[in-house]
Amino acid sequence: MKARGWIGLILLALVAVDAGAETRLAMFFDRPSGYLGEPRQLVIELRTDRWFRQAVSLPQLSIAGAVVLDLQGSSHSYTERQSGTTWAVIRRELLVIPQRLGKLLTPSLSLEVWEGRAQKALALEAPSIGLEVEPLPQMTDSRLAVGTALRLSEQVSQTESEVAQGDGISRQIKIELAGNVGMFIEPLSMSLPEGVRLYADRPKVQDHSQRGQLLGQRIETFTYLFEQPGEVVLPPIRVWWWNLTRQRLELAQLPERRIQVRPLAEPSDAEVSPMAWWWLLVPMLLVGLVLLKGLNAEQRCFVALLRAARCDDAAVRVRVLYVWMDRLHGRPLPLRAALRDDASLAEEAGSVLAPLYRHTPKTAVCRTLSSWRWCCWRRRKLAAATTSAPGLPPLNGRSDPAPGAEPRRTS
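> Looking at this structure, I do not really get the sheet that holds strand β19 (residues 237-243). What am I missing?
Whenever strands of a sheet pair, they do so through backbone hydrogen bonds, lying parallel or antiparallel. Pairing is mixed across the open sheet formed by three strands, whose spatial order is β11-β19-β20. With partners counted over all chains shown, the strands left at the sheet margins are β11 (145-147) and β20 (248-254), one partner each. If you compare each strand with its neighbour and ignore which way they point, the axes differ by 35° on average. With three bridges joining them, β11 and β19 adopt parallel strand pairing. Bridge pairing in β19 places Gly147 opposite Asn243.

> Explain unusual backbone geometry here, please?
Leaving glycine aside, a negative phi is the common case for residues, and trans is the common case for peptide bonds. Despite not being glycine, Ser83 has its phi angle at roughly 55°, a positive value. Its location among the elements puts Ser83 in the loop between β5 (76-82) and β6 (85-98). Residue Ser83 is classed as exposed on the basis of its relative accessible area of 82%. Positive phi values are uncommon outside glycine, yet Gln247 reaches one of about 55°. Within the secondary structure, Gln247 sits in the loop between β19 and β20.

> What should I look at first to understand the nonpolar core in this one?
One recurring pattern in soluble globular proteins: nonpolar side chains tend to sit buried together. Counting residues in each nonpolar core, the largest one holds 27 residues, and the members touching the most others are Leu25, Leu42, Ile44 and Leu46. Elements that contribute at least two residues to this core include exactly β1 (23-29), β3 (40-48), β4 (66-69), β6, β8 (109-113), β9 (122-126) and β10 (130-134). In terms of residue count, the dominant contributor to this core is β6 (four residues). Aside from chain neighbours lying at most four places away, what touches Ile44 is Leu25, Ala26, Met27, Leu58, Pro59, Leu61, Ile90, Arg91, Arg92, Leu94 and Leu109.

> Help me understand the side chain of Thr23 in this model?
With respect to the helices, strands and loops of the structure, Thr23 is situated in strand β1. Here Thr23 falls in the buried class, since its relative accessible area comes to 15%. Side chain to side chain, Thr23 and Thr48 meet in a polar contact 3.0 Å long.

Conventions used here
Residues numbered from 1 in each chain as written. Predicted model: local features only at pLDDT ≥ 70, side-chain atom pairs only at ≥ 80, totals over all residues. Heavy atoms only, no water. Pairing = 2+ DSSP bridges. Helix = DSSP H or I, 4+ residues; strand = E, 2+ residues; numbered from the N terminus. Axes fitted to C-alpha atoms, helices over the stretch in contact; angles between N-to-C directions. Buried < 20%, exposed > 50% of the residue type's maximum accessible area, 1.4 Å probe, protein only. Core = buried A, V, L, I, M, F, W, Y, C linked by side-chain atoms within 4.5 Å. Contact = heavy atoms within 4.5 Å. Polar contact = N/O pair within 3.5 Å; in protein donor to acceptor, adjacent residues only side chain to side chain.

Laid out in structure tokens, this is it:
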């Protein structure tokens, strides 16, 4: 009986302890008011002095008349100790950027959580809260970049101040705004002098976190095309913005740029455009290549003929001779494979190739072509020999017999 009494007292103590557990759900702004376009932090916080039995995900909110951004991507959990009590905390921080004047209201928030030794889920609710949005002083009708610091810089593709007519210069302008996001940096307005054409690329908008501070960035690239000669003055680039630290309107600007545009040089009548030379040179090169190809083919056949002149096979010598004659005279001659090798054919081929025996040394053929004049002389001698030599052998190895004569037999 005594053991049962002690167990009952322990259970009553645990129930009393759980009854004293505290769980809170809160939602609040870092400041209750702000300027139009000024980022404000909205905090959703769930805490208990016990522990959470299940994972809890705090929702993403949407507010009418404002842009809500979650830069951290999700909620984070931690523990903290206050006045001797240890709290388990789940926190989510949102960035609210007002887009209209007046009072903005957040929706109410309801959650069910399991904490401690509770037998059922605990229903929690956070009421709606408001944010008063005020206009920027001195500039009630304009939309300005709002932040703690603004930096304006540029990069130019050409550092020289003189260009030729028709040339272009690329100019990249970077705007960095601390304490805000890049999507709320207004596009640049450009004014151009006469004779200058502007081409703009798609802007690049990026956001960074530098040492816990939000940094928005907008990069715009322009290309200036100069169409008229003379001095061109590109006006300065000005960006007005509201400094939240100093609570005043400030101006960031880039200085003006002076460009001297040279006129195009007009070609004189005596000068010929390089393109005209190309139009004359290309056909000449094509004709030369065609002629050179034919000349090289005849040259190769002639070198083969020089080699065949010292060959003992009469059939080979005659075949190579007719191939070279085909290239020399420019008319096709039919060739057949059946060539007879007898004394008459060797004698006839030898009489045709006699000049080669007299003028071709026993050295390599490539060394015999020592000069172009000598080579041309030998070709003329050989051409005369092939034209005047009687009784060239038939290519098919047969000659037409005379009427009544007995046909010749091949061996």
